[in-house]
Amino acid sequence: MKWLDIPPIWLVGFILIAWGQARWAAFRFSFGGVWADLLGGLCVGAGLLLMVLALLELRRHRTTPIPHRTASALVTSGIFSRSRNPIYLGDALILAGLILRFDAVLSLPLIPIFVWLLERRFVLPEEAALRRTFRADFARYERKTRRWL
């Protein structure tokens, strides 16, 4: 069951909660119109772009994007020079964008909950593993590059 404990599965679960809230418990709350659709689409697009850029950079360095696996290289170039967690940031942007697109106002608290979950379940353990594996290099990277933005 450990293979189910990956960020995309969590993302799909949170998206389904937001969709269900919009469908069955909207309570006449609304973001209001076209601007929410546009902003939602931009967030989803930005999230996907971050993820693609990060995956391409990981592939270029021949290391795994899969959580719970040991990295064979510390990637600090490309999009990783701006954020230590661009894929997780992309996940959060996708969730925020879909909440806007679904007009799921009451689901807005899901975004910080999702980010907190990602940080506790994935980011902190991954950073601990990178710290053990790459010691001084990771310490320099950690000082230079922010965790999220």
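Located above this text is the structure these notes cover.
Here's what I pulled together on the structure shown here. Every value quoted in this text rests on a predicted model; they were computed, and no experiment measured them.

## Digging into the side chain of E57
Mapped onto the elements of the fold, E57 is located in helix α2 (residues 34–60). Given the relative accessible area of 11%, E57 is considered buried. Excluding its chain neighbours within four sequence positions, the residues that come into contact with E57 are V75, S77, G78 and F80.

## Section: the packing of helix α3 (residues 86–102) against helix α4 (residues 110–144)
Running from N to C, α3 and α4 point in directions that differ by 165°, and their axes come no closer than 10 Å. Classed by the angle they form, the pair α3 and α4 counts as roughly antiparallel. When you trace α3 past α4, the crossing you get is right-handed. Contacts between α3 and α4 pair Y88, D91, A92, L95, A96 and I99 from the former with L110, I111, F114, V115, L118, F122, V123 and E126 from the latter. Per-class residue counts for the contact of α3 with α4 are 12 nonpolar, no polar and 2 charged.

## Some thoughts on helix α1 (residues 7–24)
Helical geometry note: an α-helix holds 3.6 residues per turn, so side chains three or four residues apart project in the same direction. Taking 1.5 Å of rise per residue, 18 residues should cover 26 Å, and α1 covers 26 Å from first to last C-alpha, within 8% of that figure. Close packing links the buried residues of α1 with α3 and α4.

## Examining the packing of α1 against α4
Each packed pair of helices is defined by two parameters, the angle between the axes and the distance between the axes. Two elements in contact, α1 and α4, have axes whose closest approach is 11 Å; the angle formed by their N-to-C orientations is 165°. By the angle class used here, α1 and α4 are roughly antiparallel. For the pair α1 and α4, the crossing hand works out as right-handed. Where α1 approaches α4, its residues P7, W10, L11, F14, I17 and A18 are matched on the opposing element by L110, I113, F114, L117, L118, R121 and F122. In the contact of α1 with α4, the residues fall into 12 nonpolar, no polar and 1 charged.

## A few points about the nonpolar core
Core analysis: the largest hydrophobic core is formed by 35 residues, its most contacted members being F80, L95 and I99. At the level of elements, α1, α2, α3 and α4 are the ones that each hand at least two residues to this core. With 10 residues, α4 is the largest single contributor of residues to this core.

## Quick look at the pattern of salt bridges
All chains considered together, the criterion is met by 9 salt bridges. E127 is the partner of R147 in a salt bridge, and the nearest nitrogen-oxygen pair spans 2.6 Å. Residue R147 is located in the segment after α4, and its partner E127 is located in helix α4; the two are separated by 20 residues in the primary sequence. Assessed through its relative accessible area of 4%, E127 is described here as buried. Between R131 and E142 there is a salt bridge; the shortest N-O distance is 2.6 Å. Through salt bridges with shared partners, one network takes in R84, E119, R120, E127 and R147.

What counts as what
Residues numbered from 1 in each chain as written. Predicted model: local features only at pLDDT ≥ 70, side-chain atom pairs only at ≥ 80, totals over all residues. Heavy atoms only, no water. Helix = DSSP H or I, 4+ residues; strand = E, 2+ residues; numbered from the N terminus. Buried < 20%, exposed > 50% of the residue type's maximum accessible area, 1.4 Å probe, protein only. Contact = heavy atoms within 4.5 Å. Axes fitted to C-alpha atoms, helices over the stretch in contact; angles between N-to-C directions. Parallel < 35°, antiparallel > 145°, perpendicular 65-115°, else oblique. Left-handed = near helix turned anticlockwise from the far one by under 90°. Nonpolar A, V, L, I, M, F, W, Y, C, P; charged D, E, K, R; others polar. Expected span 1.5 Å × (residues − 1). Core = buried A, V, L, I, M, F, W, Y, C linked by side-chain atoms within 4.5 Å. Salt bridge = Lys/Arg side-chain N within 4 Å of Asp/Glu carboxyl O.

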